[in-house]
Amino acid sequence: MSRESAVPRRGRLRAAVMRRGAAWVALPPTLFLAALFALPVLRLLILSFSDPAGPFSPYWRIVDIPAYRTALLTTVGIGGLVTVLSVLLAYPVAYLMATVPPRVARLLGLCVLLPFWTSALVRTTAWIILLQRYGVLNTLLVDSHLLRHPVSFVYNLSGVLIGMSHVLMPFIVFPLYNAFRGIDQNLIHAAETLGAGPTTLCRRVFLPLTAPGVAAGATIVFMSALGYYITPALMGGPAQTMVAQLISFNVEEQLDWAMAGALSVVMLLASLLIFFLFQAVFGLDRLFGDAAPSGRGVVPFAVGARGRSASGRAMLVLGGAVLLFLLAPVLIVFPMSVGSSPFLSFPPHHLSLRWYHELLARPQWLASVWNSLQVAAIAVPGATLLGTMAALGVSRLRGGLARGLEVLFILPMIVPPIILAVGLYYQMVPLGLIRGHWGLGLGHIVIALPFVFLSAQAALRGFDRNLERAALGLGASWPTMFRRVMLPAIGPGVAAGAIFAFITSFDDVILALFLTDVRGRTLPRLIYENVSEEISPTITAVAVLVILLTLLTLLLNVFFQKDTR
C-alpha cells in the first residue's frame, strides 16, 4: 500500500473513532436527569411504602375511600372527554390549514401556536372572565335575548373541558395537519372518478389515512390531561377534583407523603403505560416527529379542480370558528386591560391606562417578573447546553442504548409535572435550595431539556455528515469541527429549542408553587395566587404583557426556522 493511500485511510479511521467518542457528550445530561429527575421521582415512589400502618396501606385506602376512587374515575373521564373534544375541534383546523396556500397555512399555524404558548394562567384567567356568571359570554347571550338568565359556564365540568381543550387541542392539530398533507391528491382524484362522494371519501380515505396522526396527538393529549392541576383547580368545582389536586392536598395540607406517593405511582404507571404502548405500536418518531408520509410522485392534498364541496365549505366555516375559539381568550384581555372600571367589563366604557400604572406601581409584580427572568437565566442556558449534548450523543449511538437514552430525555415531558414538583420539593428542602432561584432553575432545566433535545435532534437529521467526516479527516479536532462546521448548521434549531425552553420556564406554575418561597415567587405563581383569591383588573394588564412577550418569542422562532430552510 502506498503512503498516499494510507494517509486518507488513517484520516478516515481517526474520524470514525472521534465520531464514536463524541457519544460521551450524552453522559452529562444523563447524569443530570438521573440526579434531578429519576432520583426525586423514585424517592417519592418509595415514600408510598413508608406508611406506619403498613407498606401497602396507602394503596388500600385509594381503593377503600370513595373520594380517592371518585378522583381516579374523574381524572380518567375528564382526560377521555378532553381527548375526544380536542380531536373533534382539531379536524376542521387541520383541514383548513391543509387546503390553503402555504403562506396562509403558516399564518394559521401561528394563530394556533400563539394561544398554545401563551401562559396557561393567562388563558385560564381569560376564560374565567369570559365564562363567569356575569362575564362576557353571559352578557352577550342575555343582551341578545338568547338566554333569560345567566348560565354557569365555569366552576363546573364545562369550564374544565373548555379550558383544558383550549390548551391541549394544538397537540392534535399539527400531527393531523401533517397527516392531511401526506394524503396523495391522486388518490382523491381516483376515488372521485370511481364515484365516491364526500361521505365515502371521509369514511374510506380521510379517516383511515389521518388515523395515525390523530392517534399521536390524542396520546399526548390524554397523557397530559391525566396530570392536569391548574385548570381544574381554577375552573372546576369539587366534583371535578383530579388526582393531581389530591397529591398537592396530601403534601401541603395533610403532610401525608405516603398517600401522595401512592397517588403518584398510580398516575405515573398510567402515563408510562400509554406512552410505551404507543411507542411499541407506532414509535417515537410518530409521537414527536413529522407524521406525514412522503414519496416520489406524491401530490400533497389540496383543494381539487372542482373547488370545495358543500362539506368542504362547512369544514372551512368550522375551522374558522375553532380558530376564533383559540384566539378569543387572548384577544379579549386587550380591550379589558384599558378599561377604567374597577370591575371587569367588556367592552370597556372608558379607556384608561390605570391598570398598567398600578402594575408598575406595585413592587410585588415587578419583583415577580425579575424573579422569573433570573430563573430563566439559569434554566435556558442549562437546558440548551444539556439538550444539545443529549441530541449529539444520541445521534452517535445505535440500537437499544440510543432508544433508551432517547426515552430518558423525553420522559420529563411525559411524567405529570405535579409528580416531579413534589419529588424535587422533598429532595431540595434539606439542601436549602427552595429559598433562592437555583432550586426552581434546576427544575426548569429538567422540564425544558426535552424541547431543546427534540429541536436539536431534528436539526441534526438535516445535517450533512460528510462535512463532519471531511473536517475530522483533514485533522480538525472534534471541538473545532463542532464549532466551525456543525454548530453553524444546527444553530437555528438549537436556538428554536432555547426559545421554547424560555417559554416553558417563564410559564411554569406547578414547580414554582413548590420550589419557591414568598420572596422568590415568580410571575406565574403570583398570577395564580391572585386568580385563586380574586380576579383584579390588574391581571388583564399582566396578561397583555405576557401575551406580547410570547408573540415576540414566537416571531423569533419563525425567524430561526426560516434560517434552517
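Residues numbered from 1 in each chain as written. Predicted model: local features only at pLDDT ≥ 70, side-chain atom pairs only at ≥ 80, totals over all residues. Heavy atoms only, no water.

1. Focus on the overall build of the chain
Then step 1. The helix and strand tally for the chain stands at 26 helices and zero strands.
Then step 2. Relative to its 565 residues, the chain shows a buried fraction of 53%.
Then step 3. Within the chain, contacts between residues at least 6 apart in sequence are counted, and of these 79% link residues at least 24 apart.
Then step 4. Accessible surface computed for the chain: about 25800 Å², of which carbon and sulfur atoms make up 67%. (Helix = DSSP H or I, 4+ residues; strand = E, 2+ residues; numbered from the N terminus. Buried < 20%, exposed > 50% of the residue type's maximum accessible area, 1.4 Å probe, protein only. Contact = heavy atoms within 4.5 Å. Areas by Shrake-Rupley, 256 points an atom, 1.4 Å probe, with all protein chains shown as cover.)

2. A short note on helix H25 (residues 523-533)
Then step 1. Of all 11 residues that make up H25, eight are buried, and the element is covered over most of its length.
Then step 2. Taken as a whole, H25 has its buried residues at Leu-523, Pro-524, Arg-525, Leu-526, Ile-527, Tyr-528, Asn-530 and Val-531.

3. Description of the nonpolar core
Then step 1. Counting residues in each nonpolar core, the largest one holds 133 residues, and the members touching the most others are Ile-230, Phe-409, Ile-418 and Phe-453.
Then step 2. Residues contacting Phe-453, with those up to four places away along its chain left out, are Gly-387, Ala-390, Ala-391, Val-394, Glu-406, Phe-409 and Ile-410.
Then step 3. Core analysis: the next-biggest nonpolar cluster, separate from the first, contains 41 residues, Val-87, Ala-98, Leu-108 and Tyr-177 among them. (Core = buried A, V, L, I, M, F, W, Y, C linked by side-chain atoms within 4.5 Å.)

4. Remarks on unusual backbone geometry
Most peptide bonds are trans, and most residues other than glycine sit at a negative phi.
Then step 1. For Tyr-155, which is not glycine, the phi torsion reads 65 degrees and is therefore positive.
Then step 2. Mapped onto the elements, Tyr-155 comes out in the loop between helix H7 (136-143) and helix H8 (157-168).
Then step 3. The residue Leu-255 is not glycine, and still its phi comes out positive at about 55 degrees.
Then step 4. Note on placement: Leu-255 falls in the loop between helix H13 (243-252) and helix H14 (257-281).

5. Quick word on empty space enclosed by the protein
Then step 1. Per the counting criterion, the structure on display carries two cavities of 30 Å³ or more.
Then step 2. In this structure, the largest cavity occupies an estimated 80 Å³ of space.
Then step 3. Lining the largest cavity we find Trp-117, Thr-118, Ser-119, Phe-502, Ile-503, Phe-506, Asp-507, Val-546, Leu-549, Thr-550 and Thr-553.
Then step 4. For the lining of the largest cavity, the secondary structure elements donating two or more residues are helix H23 (478-507) and helix H26 (538-564). (1 Å grid on protein atoms, 1.4 Å probe; cavity = no way out; pocket = protein on both sides within 12 Å on 5 of 7 lines; lining within 4 Å. Points joined across faces, edges and corners; volume = space filled by probe spheres on them.)

6. Focus: the side chain of Thr-74
Then step 1. Structurally, the position occupied by Thr-74 is in helix H4 (residues 66-98).
Then step 2. Since its relative accessible area comes to 15%, Thr-74 is described here as buried.
Then step 3. Excluding residues within four positions of it along the chain, Thr-74 makes contact with Ala-239, Gln-240 and Thr-241.

7. Some details on the packing of helix H3 (residues 57-64) against H14
Then step 1. The geometry of H3 relative to H14 is characterised by a closest axis approach of 9 Å and an angle of 70 degrees between their N-to-C directions. Compared by their axis directions, H3 and H14 come out roughly perpendicular. Two secondary-structure elements touch here, H3 through Pro-58, Tyr-59, Arg-61 and Ile-62 and H14 through Ala-258, Met-259, Ala-262, Leu-263, Val-265 and Val-266.
Then step 2. A breakdown of the residues in the contact of H3 with H14 according to their chemical character gives nine nonpolar, no polar and one charged. (Axes fitted to C-alpha atoms, helices over the stretch in contact; angles between N-to-C directions. Parallel < 35°, antiparallel > 145°, perpendicular 65-115°, else oblique. Nonpolar A, V, L, I, M, F, W, Y, C, P; charged D, E, K, R; others polar.)

8. A word on the packing of aromatic side chains
Note on aromatic pairs: each is described by the distance of the centres and the angle between the planes.
Then step 1. Under the criterion given, the structure shown has 12 aromatic pairs.
Then step 2. When the centroid spacing of 5.5 Å and the interplanar angle of 35 degrees are considered together, the rings of Phe-49 and Tyr-59 count as tilted. With Phe-49 in the loop between helix H2 (27-47) and H3 and Tyr-59 in helix H3, this pair connects stretches of sequence that are 10 residues apart.
Then step 3. Accessibility expressed as a relative area gives 17% for Tyr-59, which makes it buried.
Then step 4. Here a set of aromatic residues connected by ring pairs shows up, and it is made of Tyr-91, Tyr-95, Phe-180 and Phe-206. (Phe/Tyr/Trp six-rings, centres within 6.5 Å; stacked < 30°, edge-to-face > 60°.)

9. What about the pattern of salt bridges?
Then step 1. Under the defined criterion, the tally for this structure stands at five salt bridges.
Then step 2. Close ionic contact of Glu-529 with Arg-521 constitutes a salt bridge, the shortest N to O distance being 2.8 Å.
Then step 3. For Glu-529, a relative accessible area of 21% puts it in the partly exposed group.
Then step 4. The network of salt bridges with shared partners includes Asp-51, Arg-61 and Asp-256. (Salt bridge = Lys/Arg side-chain N within 4 Å of Asp/Glu carboxyl O.)

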